[in-house]
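Each chain, letter by letter, is given below.
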Amino acid sequence: MSSAMPAGARDLLGHRPFLFFLSSRSLSRFSSQIGAVAIGWQIYDLTGSAFDLGMVGLVQFLPTALLVFVAGHAADRFERKRVVQACQFVEALTAAFLAGSTFAGTISELQIFAATFALGIAGAFESPATAALLPLIAPQGSLQRATAISSGAAQIATITGPALGGLDYAMMPSAPYAVMVVFWLLGMILTGGIGRLQQAAPKDSASSDDLFAGVTFVRSNPAILGTISLDLFAVLFGGVTALLPIYARDILMTGPLGLGVLRAAPAVGALLMTMILARHTIHRRVGMRMFQAVIVFGAATVVFAVSHWMWLSVLALAVLGAADTISVVIRFSLVQLATPDEMRGRVGAVNFLFINASNQLGQFESGVTAALLGTMPAAVLGGLGTIAIALLWMKLFPTLRNVEKLE
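Every value quoted in this text rests on a predicted model; they were computed, and no experiment measured them.

(A) Spatial organisation of the overall build of the protein chain. Within the protein chain one finds 17 helices and zero strands. Going through the 407 residues of the protein chain one by one, you find that 58% of them count as buried. Surface summary for the protein chain: the accessible area is close to 16,100 Å², and the carbon and sulfur share equals 68%.

In structure tokens, the structure reads:
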């Protein structure tokens, strides 16, 4: 397949390296989503504490904060697919520990937090390496479409993963972790099948300054800085993921299977949106489209926060997922296209730090706020905060607002 012409969706799916990448990434996402349901429900079942649910997010975030620059440098210094494989193997071992301990009935809150920390370490190295792989695999001019397809495949895993995780946990608490082991090992094998890639060699030595080159690059590019920081603060305030176990059990009066459905709902909306974006890429006013998507994300969060009906909650989460997908595709494409290949790992690590800060610290913030103010007020304030951040960032980053095209 020629790299001189943009590839259509069908051509991309016939491109062997992209197909292996797609399958491996989907399996990793599948495992992560199963783990999110199992760990969240198990922690809440053991403790009944909203604060402890928030602590899961903090424990996942800490490795990213501590290792982000080392992880980004590793993605640029070593063969990226080998880095991904090593991380998937560590994740499989950690899931095996959780499965064994849960089955034996010896699992404790401390052990779950320790395993979550280990998964956070592996994820800190895996994410920037995975993100830096895609531009090497996607044909020239096709990165936005490849990103949409990759996101869509991951969302399919996100839809089925939480539902299956909730069902498995309801039947046997150790079952979700066993499934995670199998899928991470399969993902590791598929990553190895991507083939040899022409990865640019770093131009400088492995010095301490080299580790922070990604930060310098992001700071010098207002559009990239605005994109990454918008995601950080919008999701930090607007994320309701950590509160889903509380909504499922105490507000919507459902069980583990209902929790799985709630966690899958954003992915359903995201999948529908990625199907649209895979066929019809965003050609103009991409900066403004991203801001509009974040505002819709915040509004959908508010609707979910006040809902007492399962159907409305699921619908609001689906709209939330669709809006988030638009933001993700634009953000990823903008950052990767504006970054030289020899720095994509380090810039990707900075991006991953911001994403994890928004997701994991957002879970911590939601848990603490819910413990202080109550679940529903915390979620409402988070959605309103997201809208306010989007409006403020439109003023602070006019360069980002005026971005017209990606490719």
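(B) Region of the structure containing unusual backbone geometry. Although it is not a glycine, Met253 sits at a positive phi angle of roughly 55 degrees. Under the relative-accessibility criterion, Met253 is labelled exposed at 63%.

(C) Spatial organisation of the pattern of salt bridges. The tally for this structure, following the rule as stated, stands at three salt bridges. The residue Arg80 makes a salt bridge to Asp76 at a minimum N-O spacing of 2.9 Å. A salt bridge links Asp250 to Arg249, with the nearest nitrogen and oxygen atoms 3.4 Å apart. The class for Asp250 is partly exposed, based on a relative accessible area of 36%.

(D) Geometry of the nonpolar core. Membership of the largest hydrophobic core comes to 59 residues, with the highest contact counts inside it found for Phe18, Leu134, Ile224, Leu230 and Leu400. No other element matches the seven residues that helix H14 (residues 310-337) contributes to this core. Core analysis: the second largest hydrophobic core is formed by 50 residues, Val37, Leu53, Phe304 and Ala378 among them.

(E) Up close: the UniProt feature "transmembrane region" (unreviewed entry) in the protein chain. Those residues carrying the UniProt feature "transmembrane region" (unreviewed entry) are residues 50-71, 83-104, 177-197, 228-248, 260-278, 290-309 and 370-393 in this numbering. Here residues 260-278 is 100% helix and 0% strand, with 27 Å between the C-alpha atoms at its ends. Annotated as 96% helix and 0% strand, the span residues 370-393 places its first and last C-alpha atoms 26 Å apart.

(F) Spotlight on the layout of surface pockets. Counted as a void, the largest pocket has a volume near 190 Å³. Lining the largest pocket are twelve residues, with Ile149, Gly152, Ala153, Met275 and Ala278 sitting closest to its centre. By residue number, the principal contributor to the lining of the largest pocket is helix H6 (residues 143-171), which donates five residues.

(G) Spatial organisation of empty space enclosed by the protein. This model, assessed by the stated rule, comprises three cavities of 30 Å³ or more. The computed volume of the second largest cavity comes to approximately 70 Å³. If you go around the second largest cavity, the residues you meet are Leu230, Asp231, Ala234, Val235, Ala293, Val294, Phe297, Ala323, Asp324 and Ser327. Residue assignment for the lining of the second largest cavity shows that the elements contributing at least two residues are helix H10 (222-238), helix H13 (286-306) and H14. By residue number, the principal contributor to the lining of the second largest cavity is H10, which donates four residues.

(H) Focus on the packing of helix H4 (residues 80-104) against helix H7 (residues 175-192). Look at H4 against H7: their axes get within 8 Å of each other, and the N-to-C directions meet at 165 degrees. Accordingly, the angle class assigned to the pair H4 and H7 is roughly antiparallel. Seen from above, H4 lies across H7 with left-handed handedness. Across the contact of H4 with H7, the residue classes tally to 14 nonpolar, six polar and three charged.

(I) Region of interest: the environment of Thr130. On the secondary structure map, Thr130 appears in helix H5 (residues 109-137). Classification of Thr130 by relative accessible area gives buried; the value is 13%. Filtering out sequence-adjacent residues up to four positions away, Thr130 remains in contact with Phe21, Arg25 and Val84.

(J) Region of interest: the side chain of Ser24. Mapped onto the elements of the fold, Ser24 is located in helix H2 (residues 16-47). Note on Ser24: relative accessible area 3%, which makes it buried. Polar side-chain contacts of Ser24 include one of 2.5 Å to the side chain of Thr191. Beyond its immediate stretch of four places on either side in the chain, Ser24 contacts Gln88, Gly187, Leu190 and Thr191.

(K) Structural context of the packing of aromatic side chains. For the coordinates displayed, the defined rule picks out three aromatic pairs. Taking 4.7 Å as the distance between ring centres and 10 degrees as the angle between the ring planes, the aromatic pair formed by Phe30 and Phe183 counts as stacked. With Phe30 in helix H2 and Phe183 in helix H7, the pair connects residues that are 153 residues apart, well separated along the chain. Given a relative accessible area of 23%, Phe183 falls into the partly exposed group.

Rules of the game
- Residues numbered from 1 in each chain as written.
- Predicted model: local features only at pLDDT ≥ 70, side-chain atom pairs only at ≥ 80, totals over all residues.
- Heavy atoms only, no water.
- Helix = DSSP H or I, 4+ residues; strand = E, 2+ residues; numbered from the N terminus.
- Buried < 20%, exposed > 50% of the residue type's maximum accessible area, 1.4 Å probe, protein only.
- Areas by Shrake-Rupley, 256 points an atom, 1.4 Å probe, with all protein chains shown as cover.
- Salt bridge = Lys/Arg side-chain N within 4 Å of Asp/Glu carboxyl O.
- Core = buried A, V, L, I, M, F, W, Y, C linked by side-chain atoms within 4.5 Å.
- UniProt positions renumbered as here; feature names shortened; annotations may be inferred.
- 1 Å grid on protein atoms, 1.4 Å probe; cavity = no way out; pocket = protein on both sides within 12 Å on 5 of 7 lines; lining within 4 Å.
- Points joined across faces, edges and corners; volume = space filled by probe spheres on them.
- Axes fitted to C-alpha atoms, helices over the stretch in contact; angles between N-to-C directions.
- Parallel < 35°, antiparallel > 145°, perpendicular 65-115°, else oblique.
- Left-handed = near helix turned anticlockwise from the far one by under 90°.
- Nonpolar A, V, L, I, M, F, W, Y, C, P; charged D, E, K, R; others polar.
- Contact = heavy atoms within 4.5 Å.
- Polar contact = N/O pair within 3.5 Å; in protein donor to acceptor, adjacent residues only side chain to side chain.
- Phe/Tyr/Trp six-rings, centres within 6.5 Å; stacked < 30°, edge-to-face > 60°.

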